[in-house]
Amino acid sequence: EGGIGMNEIGDLAILGALQKLRGGIVQKRRTIHFPGCINESYKFQCESRNFFVKINRSVSANQMFEGEAGSLQGMRYAGMSAPRPLRAGDLPQGGSYLIMEHVDFQPFVMMESTSQSALGEQLAAMHLHQPERHQFFGFGLPTRLGTTPMDNDWSASWASFFVDMRLRPAFDRLREKGVGTESLHGSADEVCERAMAILRPLDGALRPSILHGDLWLGNAGMSKDGQVSVYDPSSFYGHSEFDLSFRGWPAENGFPGFSDAFYTAYHFNVPREEGFEERGQLYQLFHLLNHASIYGEEYTKFAEDVCKRVLSDSMAP
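Residues numbered from 1 in each chain as written. Predicted model: local features only at pLDDT ≥ 70, side-chain atom pairs only at ≥ 80, totals over all residues. Heavy atoms only, no water.

J.: Help me out: how do you make sense of the sheet that holds strand S11 (residues 228–230) in this one?
T.: Neighbouring strands of a sheet are bound in pairs by backbone hydrogen bonds; such pairs are parallel or else antiparallel. Spatially, S6-S10-S11 is the arrangement adopted by the three strands of the open sheet, whose pairing is antiparallel. The open sheet is flanked by strand S6 (105–106) and S11, the only strands paired with a single partner. Pairing analysis gives three bridges linking strand S10 (residues 220–223) to S11, with the strands arranged antiparallel. Within S11, the residue paired with Ala220 across the bridge is Val230. In the packing of helix H3 (residues 113–128) onto the sheet, the strands contacted are S10 and S11, and the crossing angle to S11 comes to about 60°. (Pairing = 2+ DSSP bridges. Helix = DSSP H or I, 4+ residues; strand = E, 2+ residues; numbered from the N terminus. Contact = heavy atoms within 4.5 Å. Axes fitted to C-alpha atoms, helices over the stretch in contact; angles between N-to-C directions.)

J.: Where do I start with the pairing of strand S3 (residues 50–56) in this structure?
T.: Looking down a regular strand, the side chains alternate between one sheet face and the other. Of all seven residues in S3, six are buried, a share of seventy percent or more. Where strand S2 (residues 40–46) meets S3, six bridges bridge the pair, whose relative direction is antiparallel. Bridging across to S3, Tyr42 finds its partner in Val53. A loop of three residues connects S2 with S3, the two strands running antiparallel in sequence. The sheet contact formed by S3 and strand S5 (residues 96–101) spans six bridges and is antiparallel. Paired with Ile55 across the two strands is Tyr97, which belongs to S5. (Buried < 20%, exposed > 50% of the residue type's maximum accessible area, 1.4 Å probe, protein only.)

J.: I would appreciate a short explanation of the pattern of salt bridges in the present structure.
T.: If you walk through the whole model with that rule in mind, you get 10 salt bridges. For the salt bridge of Arg279 with Glu241, the shortest nitrogen-to-oxygen distance reads 2.8 Å. Taken as a pair, Arg279 in helix H8 (residues 276–295) and Glu241 in the loop between strand S12 (237–238) and helix H7 (260–269) lie far apart in primary sequence, 38 residues in all. Each of the two residues, Arg279 as well as Glu241, counts as buried. A salt bridge links Glu277 to Arg247, with the shortest nitrogen-to-oxygen separation between them at 2.9 Å. Pair noted here: Glu277 is in helix H8 and Arg247 is in the loop between S12 and H7, with a separation of 30 residues, a long-range link. Accessibility expressed as a relative area gives 44% for Glu277, which makes it partly exposed. For Arg247, a relative accessible area of 25% gives the class partly exposed. (Salt bridge = Lys/Arg side-chain N within 4 Å of Asp/Glu carboxyl O.)

Here is the structure:
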């Protein structure tokens, strides 16, 4: 099923890395696991174990894979089931790779309410994990959200981190790419000021949680041994509610949402707090802006609608 040509130097570099991981002889080479829109993705079946390998030929891919490996490690440390990252490296002719343990997932099982309930419980447990050394918001290395670089410089203020490291840069990227209406661009400063006002009361009271950072149904799966796991993260330490950003996602194309079973299980352990809906709008706005930056104009209408709601709420008596 698609062997590796001996003249493909980058693939030979990956074979060398697999040998160092003591996988044994590659028995079935470079079997396509699933077609990804950003990375090449492969399953390597080896003599003693199987590996999942992502490859990206971009010269800047190293940051993405180092960030993903760190994200997976951070979530695993907090008790979340996620594939174990094993090695990230550069390809001789440009690009990078990430090798992980291979997990056999069952197709479509995450659509079931019992699976989503289990994920809600696991996510709550991860958010409630309290490592003493993480009293700040951010992450120890840069990451990528899709193809978008994420600046994760540490901050003592969640309001400042979210506005300065997430929301305002998302507006800036849209303007630089020429995506979106003048109305959307013109609202950026006012929306960011409103976001700061909404989130500032959390400063001093909010404990940072390790986050997945891009959690939707397509980034979770049920393994064949019955374990719910998540993958493709863009992690950082932030407000736990940020991981619920895709609740009520307005765009329909290819984004199945979590069911009530997921949210019921999650909120049984992490109850909603006052202002939940208002903050949720801001967190979803960030993702809408990022999707518009990556995928185009179809998301700008939804982002503009959220901006209008955020600003109209600020004028309510």
